[in-house]
Structures are given as structure tokens and as C-alpha cells.
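Summary of the model geometry
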Amino acid sequence: MLKFNYSNIPKIIIALDFYNRKEAMKLVHLLDPSLFYLKIGKEMFTILGKKFINELHQLGFNVFLDLKFHDIPNTVFNAIKAAADLGVWMLSVHASGGKKMLISAKKALKSFKKRPLLIAITALTSLQEKDLKDIGIQISLQNYILILSKLSRDCGLDGVVCPGKAAEKVKLICGSKYKIITPGIRCSDDFSFDQSQIITPKQAKKFLIDYIVIGRSVTTSKNPMKKLNSIIESMQ
Ligand code: C5P
């Protein structure tokens, strides 16, 4: 198992995006739960549900349940409550669901003694400037991210998922304690796949990102642990 020290480098969340439990567990068993966080998204949760989350909890992992809720306030309130009941470490909603939805999501966690962190998705890292225009948004990607980050902070959320290149500005506007989680992490020899806003692990450290989400860079690698080790070394 990989052992390293987290001083001054972003914490690592592994995006466990596999199509079946067996493949996912092959990687999970190689990871130290005291060092790596696991992200379960729509794909694995739809296939395996809460039993799988419980299994990961029993192994000692902190789980980010990344279901990116985006619905009317009442539905999001109930969905967040149900998700928090699973005992996960972090949850996500889309900031573009608006102020009332974000406030409702936060309210849903009020009754929990040990509540999950509530994080808002700003712009998907797969989006480009022109994709915003396609959906009628006429401002720059950067401004869109900053507006949604500020709105989420004002609604009491704990942080945002945002592209790496916007991270420094988000921290400046929302404060250094506001958590930044960044997907779209790629080493120079990686495929970008469907991601547009990509940065290297080294840039993530420079941009003072709190958590990086690493998916296909590691999960499609022939030797995932060697790849993970080289990512960690590149940040140290
Ligand atoms: O494989 P890759 O490293 O591109 O994985 C990125 C992960 O981060 C995926 O699980 C994806 O759902 C998630 N994500 C993202 N962009 C966001 C929020 C989450 O790519 N804005």
C-alpha cells in the first residue's frame, strides 16, 4: 500500500467510476483508507446502491457521494437528508439549482450531529465557454464559476467543485477556508477524454486546491498504484 505524507499537497479523492463491484474493489483493496477518499457517482450508486457505500464505510473509507442533486427545493431537501443518513463524508448539489434550492439543501443537514460537507458544483469540467453560450449563458466561464461560488458560499455551503484554473479567484472571493474540489486532473501523458478544463496535479498544488478528484488517469492505467505514486511524487 502507498504511504506518503499530506503536508502541503491537495488531498486525493479517487473517482470510483467502474461498471461493476469487482473492478472497483480491485482498486479499493490497494488503497489505504486513512490516505485516500473515495467518490461514488451516479454510475456506481445506480448499480450498487447504499449497500456498496456501507461496504466502503466498513473498510474505513470516507465517501464523497457525488450525486449532484438538482431539483426543486423540497425534493433536494429530502434527497440530501436521505443521503446524509448513509453517513457519507461529502455530498454534492448543482449550484445552478439556485438560491432556494441551496438553502434547502443546507437546511436538510441541520438535524445531523455529524453532518457531511455540502459542496456545490459550479461548472462541469467538461464544459467550454461555447457550451455556456449554447444554453443561453452569455457571461464568461470564469464569471459563471465565480457567481455560483459566491452564491453557494452565501447559502452556507462548505465549498465548490470547480475547474482548477478558477480556484485561486474562488479562494480570493469566498475566503481561504472555503473548500475547493477539482476534477479534470491529468498528467501530461494522459488522455483528456471528455474533460475540457484540465490541470496537472502539480498545478493543483500551486493553485492551493484542497482536494483533487482523480478518475481515469488512475482507473484506466495498467498499473494504477504506480500511476498514483507518480502523481503524488509530482506534487511533492
Ligand atoms: O475520470 P476523470 O478524472 O475525468 O473523473 C472525473 C470525475 O469527477 C467524474 O467522476 C465526474 O463525474 C466528476 N466531476 C467532474 N466535473 C465536475 C464534477 C464532478 O468531472 N464539475
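All values derive from a computational prediction rather than experimental measurement.

Focus on the nonpolar core
Of all hydrophobic cores here, the largest spans 75 residues; its most connected members are I12, L16, F36, I80, V93 and L228. Filtering out sequence-adjacent residues up to four positions away, L16 remains in contact with A24, L27, V28, L38, K39, I40, M44, F52 and L56. In terms of nonpolar packing, the next biggest core, distinct from the first, is built from 13 residues, A15, Y37, F64 and W89 among them.

Things to note about the sheet that holds strand β5 (residues 117–121)
What the eight strands build is a closed barrel, ordered β1-β2-β3-β4-β5-β6-β7-β8; its pairing is parallel. Between one strand axis and the next, the sheet turns by 25° as a mean value, whatever way the strands run. Bridging between strand β1 (residues 11–15) and strand β8 (residues 211–214) involves four bridges; their strand directions are parallel. Its bridge partner being in β8, I12 is matched across the sheet by I212.

Describing the UniProt feature "active site" (unreviewed entry) in the protein chain
The sites that UniProt annotates as "active site" (unreviewed entry) are D66, K68 and D71. Those annotated residues that line the largest pocket are D66 and K68. Structurally, K68 is set in strand β3 (residues 63–69). Look past the residues within four positions of K68 in its chain and what remains in contact with it is K42, S92, V93, H94, I121 and L124. A polar atom in the side chain of K68 sits 2.8 Å from the side chain of D66.

Notes on the layout of surface pockets
Of the voids in this model, the largest pocket is the one considered here, and its volume is about 620 Å³. Taken together, 26 residues form the lining of the largest pocket, with D17, K39, K68, P183 and Q195 sitting closest to its centre. Put simply, the parts of the chain that give the lining of the largest pocket at least two residues each are β2 (36–41), α2 (42–58), β3, β8 and α9 (216–219). Across the lining of the largest pocket, the residue classes break down as 10 nonpolar, seven polar and nine charged. Of the pockets and cavities examined, the second largest pocket occupies roughly 240 Å³. Contributing to the lining of the second largest pocket are Y6, N8, I9, P10, K11, K179, K205, L208, I209, D210 and Y211. Classifying every residue of the lining of the second largest pocket by side-chain character gives six nonpolar, one polar and four charged.

Thresholds applied
Residues numbered from 1 in each chain as written. Predicted model: local features only at pLDDT ≥ 70, side-chain atom pairs only at ≥ 80, totals over all residues. Heavy atoms only, no water. Core = buried A, V, L, I, M, F, W, Y, C linked by side-chain atoms within 4.5 Å. Buried < 20%, exposed > 50% of the residue type's maximum accessible area, 1.4 Å probe, protein only. Contact = heavy atoms within 4.5 Å. Pairing = 2+ DSSP bridges. Helix = DSSP H or I, 4+ residues; strand = E, 2+ residues; numbered from the N terminus. Axes fitted to C-alpha atoms, helices over the stretch in contact; angles between N-to-C directions. UniProt positions renumbered as here; feature names shortened; annotations may be inferred. 1 Å grid on protein atoms, 1.4 Å probe; cavity = no way out; pocket = protein on both sides within 12 Å on 5 of 7 lines; lining within 4 Å. Polar contact = N/O pair within 3.5 Å; in protein donor to acceptor, adjacent residues only side chain to side chain. Points joined across faces, edges and corners; volume = space filled by probe spheres on them. Nonpolar A, V, L, I, M, F, W, Y, C, P; charged D, E, K, R; others polar.

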